[in-house]
Amino acid sequence: MKHLLNLSLILLLALSSCGDAPEKSNSTESSEELNVYTHRHYESDKVLFAEFEKETGIKVNVVNAKADELMMKIEQEGELSPADVLITVDAGRLVRAKNKGILQRVKSKILNTNIPAKYRDEENNWFGLTKRARVFIYNPEVMKAEDFSTYRDLADQKWKGTIAVRSSENIYNQSLMAGIIANSHVDFAKAWAENVVKNMCRAPKGNDRDQIKAAYHGDAKVAIANTYYLGKMIGSSDEEEAKIGKAMKIFFPNTETTGTHVNISGAGVCKYAPNKDNAVKFLEFLSSKSAQETFSTANYEYPVNPEASTSMLLLSWGEMIEDPLNLAILGELNKQAVQTFDAAGWK
Amino acid sequence: MAISALIAIPILFVLAHLFLGPGESWENILDHLLPLYLWNSLRVGLASLTLSILLGVTAAWIVSTYEFPLRKLFSWLFIVPLAIPVYIMGYAYAGLFDYSGFITSLIGVRVDVMNWWGLSLILGLALYPYVYLSTRAMFSLQNSRILEATSLLTKSYSKTFFKVALPLAIPAVAAGGSLVLMEVLNDYGAAKYFNVKTFSTGIFHSWFSLEEPNTAIFLAAILSVLIFVIIYCEKKFRERKRYASPMASSVRALQRLKPLNQVGLVLLSLIILLFALILPTGQLILWAMRTYSVVLDYEFFSIAWQSVSISLLSAFLCVLVALALISFTKWNRSKWVNKISKLTVLGYAIPGAVIAIGVFSPSLELDKILAKTWSQLSGQAPALLINGTILLLIYGYIIRFMAVAYAPLESGFTKVHKSLGESASLLGSSKLQTFYQIELPIIKYSLVGSALLVFVDIMKELPLTLILKPYSVNTLAVRAYEYASDERIAECACPALLIIAVGCIPIIFLNRIIK
């Protein structure tokens with residue numbers, strides 16, 4: 001028994017060396033640190049974080065979890081929160097974070113020049129870093145671009161049993177729904193969702209890639225998915241997935257009406273950030289031309305910085321005409337979108 | 001007392017929400033979702049329970065009754081699926097049945113498994129070892145003379161099984177089955193990927209999609225009450241059915257069969273293992289071969305080491321606390337102490353993420369007070385002392401897995417005859433002395449066994465770890481999750497296989513001990 005106690009003490013000591021929390025203090029040392037709470041876990045981000053560390057000598061500590069959990073954590077930690085930067089994968093959560101009062105206003109000329117006003121909060125509480133569009137993906141051997149037109153069109157009876165789309169639990173679907181509510185009316189949106197449910201080829205399940213596969217194999221005629229997933233399939237180490245990715249085509253819906261639904265992944269500086277200056281530097285770095293191009297080539301996202309060039313692959317998908325809707329609205333209508341999905345029986 | 005209070009606080013925090021009530025979306029949920037949650041949880045629960053009992057009891061019976069080639073190997077391989085996290089099993093099966101998946105190409109048709117029965121299937125396959133373990137222990141303890149007498153009388157082992165062995169083993173089946181049921185109700189990852197709306201997915205829906213933590217915790221509290229009822233029934237049931245004499249045990253002789261029947265048993269074992277182990281790990285190995293070059297780096301191994309050491313330490317502490325709890329309730333006659341210590345077992349039934357809030361919120365308040373006091377005393381800027389350290393994570397694990405340590409230990413203690421303790425104290429030995437010299441040697445196997453079970457469980461744990469882990473700490477399960485949420489399912493394979501491999505080591509020990 002005594003041996004066991006000793007063992008546990010040794011283990012505890014060993015662990016305490018690797019488990020120290022980043023301390024919040026005003027000493028000069030802490031200027032070399034930055035605590036990032038992020039929902040993104042892409043390889044491109046790891047590369048960029050390492051680059052930032054190298055360039056500035058500021059150590060980046062990362063907490064990886066879902067945006068909601070991170071927000072809850074920051075909220076409860078309150079004034080003592082060690083979080084400097086919060087990164088999410090959609091605009092809705094950024095708006096939610098702002099409304100919870102966990103972000104702060106940032107004044108930075110660099111950010112204001114790098115990021116067009118449309119992609120940042122009007123009070124500069126959050127900044128979009130990359131864009132992703134929710135589009136139709138189809139197999140050109142089965143369908144033609146002319147067969148498609150708008151999101152609204154998917155509610156038409158002619159699509160019965162042909163649509164593959166994931167769960168309404170998914171934030172990208174929720175933002176799409178919020179966009180539809182904003183561009184029309186909640187009653188219309190509910191009727192739309194009910195009809196799309198009737199037109200689904202199966203109960204919603206799996207992730208975006210699963211929807212694309214279903215469309216490739218003919219179980220569906222159209223998959224609703226985010227653009228970068230197709231890019232990731234094309235770049236996949238799985239030959240089968242790469243083959244499917246290369247075979248499929250993208251259709252940008254609503255080009256002739258309200259524009260294609262676009263969402264952003266973005267970041268904000270936390271209200272009680274202990275390393276605020278570093279946090280701003282970090283955001284400026286991520287919005288720079290070269291970082292933006294890394295997002296585009298390595299993670300297949302569209303850059304928000306107009307100076308940065310979009311990767312060749314993304315350009316090859318065709319021109320994207322965006323819905324001019326203010327992205328903050330997606331956040332404000334999020335809850336309504338969820339309730340509309342629930343009422344329409346979109347699982 | 002202090003320990004039970006410490007363990008009970010987060011759980012009471014959750015239960016208190018039963019009285020605080022749900023958030024404003026409750027009606028919306030009541031109308032559109034609650035019937036669905038109940039229906040899905042019910043049918044998935046029953047189906048996976050049935051499957052796990054079927055597999056677990058069959059496997060336990062054949063390895064403890066018949067002699068056939070590779071019996072020893074099979075008897076521990078049957079436990080190995082326990083090391084596979086349920087969500088990984090889900091990904092693997094979705095992969096096997098995918099368009100270009102192995103099974104699809106084998107049978108030529110694509111069968112869609114991503115629905116409620118598919119979910120029940122993988123839950124049953126991943127969780128049957130709980131039933132297997134408890135039942136096997138019971139079968140091998142059963143009074144050999146009773147069984148031998150019966151088989152002599154009836155000349156049939158199947159009659160012995162249905163008329164005598166199985167009824168005698170029902171308490172064990174119930175114990176294993178209740179663990180299965182709790183795991184099923186708790187599963188989030190697989191249900192989410194398959195998009196089967198269960199109670200557990202509902203908790204996350206109201207918490208995050210509807211942004212109503214109160215509604216979420218309210219749902220979790222209802223779920224806890226349901227589980228409490230299950231635990232209670234199982235316990236009452238076990239008490240009523242206890243008729244195996246504790247002291248009985250000469251080793252049971254294994255029955256030798258004709259060669260043809262032996263082949264049949266080998267085949268049967270292989271079929272069970274094919275679905276529960278060979279196919280899913282085969283899929284993972286295929287994926288790992290494709291992705292190892294990207295995934296395996298120095299960081300990966302450091303994460304693996306952290307995973308193992310944290311799990312070991314937490315498992316050890318968890319068992320220590322369980323031991324303390326059981327001893328104190330034995331020494332203390334107060335009903336209240338007993339009630340509270342029962343409550344601590346509930347953690348197993350509450351989704352990890354909700355436990356995390358239960359741990360996080362109260363400890364943060366304490367931490368804030370500590371931080372202020374400390375800064376006043378020392379004149380330094382206030383900083384959180386407990387929060388964001390490994391302590392909180394371990395605390396969370398202990399609460400979450402108390403039941404896993406508690407149940408085997410408690411049943412281990414039932415082997416300690418009351419008269420032993422009484423005679424010891426009559427002879428003037430103190431409680432602690434009695435414990436060290438009499439009880440500890442008797443329960444030491446249960447002690448190690450329960451620590452190992454907890455260890456395997458912590459290695460697999462995900463949602464609680466995500467919320468409570470410090471920056472610098474990472475676990476294999478978290479690593480796998482990061483890949484999965486990036487829709488890089490194949491990249492999960494390396495961390496997943498390592499979780500399984502590490503889990504196998506305690507399972508080998510476990511196999512020895514429970515024999």
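In this text, all values refer to a predicted model and were calculated from it rather than measured experimentally. (Residues numbered from 1 in each chain as written. Chains lettered and ligands numbered in written order. Predicted model: local features only at pLDDT ≥ 70, side-chain atom pairs only at ≥ 80, totals over all residues. Heavy atoms only, no water.)

**Comments concerning the overall build of chain B**
Then comes step 1: When its secondary structure is counted, chain B shows 22 helices and two strands.
Then comes step 2: For 515 residues, the compact-globule estimate of 2.2 N^0.38 gives 24 Å, and the C-alpha radius of gyration of chain B, at 24 Å, lies within 12% of that figure.
Then comes step 3: Overall size of chain B, expressed as C-alpha extent along the three principal axes, is 80 × 75 × 50 Å.
Then comes step 4: Counting over 515 residues, chain B shows a buried share of 59%.
Then comes step 5: As presented, chain B carries roughly 21100 Å² of accessible surface, and 70% of it is formed by carbon and sulfur atoms.
Then comes step 6: Taking the average place of the 39 positive charges on the side chains of chain B and the average place of its 26 negative ones, the gap between the two points comes to 16 Å. (Helix = DSSP H or I, 4+ residues; strand = E, 2+ residues; numbered from the N terminus. Rg over C-alpha atoms; globule rule 2.2 N^0.38 Å. Buried < 20%, exposed > 50% of the residue type's maximum accessible area, 1.4 Å probe, protein only. Areas by Shrake-Rupley, 256 points an atom, 1.4 Å probe, with all protein chains shown as cover. Lys, Arg positive; Asp, Glu negative; His and termini not counted. Charge placed at Lys NZ, Arg CZ, Asp CG, Glu CD.)

**Observations concerning helix α21 (residues 476–485) of chain B**
All names here are of chain B.
Then comes step 1: Counting buried positions along α21 yields nine of 10 residues, so the element is predominantly enclosed.
Then comes step 2: Leu-476, Ala-477, Val-478, Arg-479, Ala-480, Tyr-481, Glu-482, Tyr-483 and Ala-484 are the residues of α21 that are buried.
Then comes step 3: Just beyond α21, the residue with positive phi is Glu-487, at close to 55°.

**Details of the environment of A:Ser287**
Residues and elements named next belong to chain A.
Then comes step 1: Here Ser-287 lies in helix α11 (residues 276–287).
Then comes step 2: The exposure class of Ser-287 is buried, given its relative accessible area of 0%.
Then comes step 3: In this structure the C-alpha to C-alpha distance between Ser-287 and Leu-86, which are 201 residues apart in sequence, comes to 15 Å.
Then comes step 4: Ignoring anything within four residues of it in the chain, the contact list for Ser-287 reads Leu-111, Asn-114, Ile-115, Leu-129, Gln-292 and Asn-305. (Contact = heavy atoms within 4.5 Å.)

**Quick word on the domain arrangement of chain A**
Residue and element names in this part refer to chain A.
Then comes step 1: Taken as a whole, chain A is organised into domain 1 (31–131 + 264–310) and domain 2 (132–261 + 319–344).
Then comes step 2: Between the C-alpha centres of domain 1 and domain 2 there is a distance of 27 Å.
Then comes step 3: Each side of the interface is counted separately: domain 1 has 20 residues, and domain 2 has 23 residues.
Then comes step 4: When the two sides are added together, the surface that domain 1 and domain 2 hide from each other amounts to roughly 1700 Å², 56% of it contributed by carbon and sulfur.
Then comes step 5: Together, Lys-118, Tyr-300 and Tyr-302 form the three largest contributors to the area buried by domain 1 at its contact with domain 2, with a combined 33%. (Domains from an automatic or database assignment. Buried area = accessible area lost by both parts, 1.4 Å probe.)

**Points about unusual backbone geometry**
Then comes step 1: Positive phi is not limited to glycine here, since A:Asn254 has a value of about 60°.
Then comes step 2: With respect to the element layout, A:Asn254 can be found in the loop between β7 (249–251) and β8 (262–269).
Then comes step 3: The residue B:Asn195 is not glycine, and still its phi comes out positive at about 50°.
Then comes step 4: Counting through the fold element by element, B:Asn195 comes out in the loop between α10 (189–194) and α11 (199–209).
Then comes step 5: With a relative accessible area of 11%, B:Asn195 lands in the buried category.

**Examining the interface of chain B and chain A**
Then comes step 1: At the interface, 65 residues of chain B touch 68 residues of chain A.
Then comes step 2: Together chain B and chain A conceal approximately 6100 Å² of surface at their shared face, both sides included; 56% is due to carbon and sulfur atoms.
Then comes step 3: Among the residues of chain B in contact with chain A, B:Tyr99, B:Tyr471 and B:Glu487 are the three that bury the most area, contributing 16% of the side total.
Then comes step 4: Linking chain B with chain A are seven salt bridges, by the criterion used here.
Then comes step 5: Between B:Arg488 and A:Glu43 there is a salt bridge; the shortest N-O distance is 3.5 Å.
Then comes step 6: Our count for the chain B to chain A interface comes out at 20 residue pairs in polar contact (both at pLDDT 80 or more). (Salt bridge = Lys/Arg side-chain N within 4 Å of Asp/Glu carboxyl O. Polar contact = N/O pair within 3.5 Å; in protein donor to acceptor, adjacent residues only side chain to side chain.)

**Some thoughts on the nonpolar core**
Then comes step 1: Among the nonpolar cores identified, the biggest contains 178 residues, and B:Phe78, B:Ile88, B:Leu119 and B:Leu468 are the most heavily contacted of them.
Then comes step 2: It is helix α17 (residues 390–414) of chain B that contributes the most residues to this core, 16 residues altogether.
Then comes step 3: Residues from two domains meet in this core; each of domain 1 (25–290) and domain 2 (296–474) of chain B gives at least three.
Then comes step 4: Residues within four places of B:Ile88 in sequence aside, it is in contact with B:Leu284, B:Ala480, B:Cys492 and B:Ala496.
Then comes step 5: A:Ile115, A:Met200, A:Phe251 and A:Ala344 belong to the second largest nonpolar core, which has 77 residues in total. (Core = buried A, V, L, I, M, F, W, Y, C linked by side-chain atoms within 4.5 Å.)

**Here's the deal with the pairing of strand β6 (residues 222–226) of chain A**
Residues and elements named next belong to chain A.
Then comes step 1: β6 sits mainly inside the fold: five of its five residues count as buried.
Then comes step 2: The two faces of β6 match: Val-222, Ile-224 and Asn-226 on one face and Ala-223 and Ala-225 on the other face are all buried.
Then comes step 3: Where strand β4 (residues 126–138) meets β6, four bridges bridge the pair, whose relative direction is antiparallel. Within β6, the residue paired with Val-135 across the bridge is Ala-225.
Then comes step 4: Of the pairings in the sheet, the one linking strand β5 (residues 163–164) to β6 comprises two bridges and is parallel in character. Residue Ile-163 lies in a different strand from β6, and its bridge partner there is Val-222. (Pairing = 2+ DSSP bridges.)

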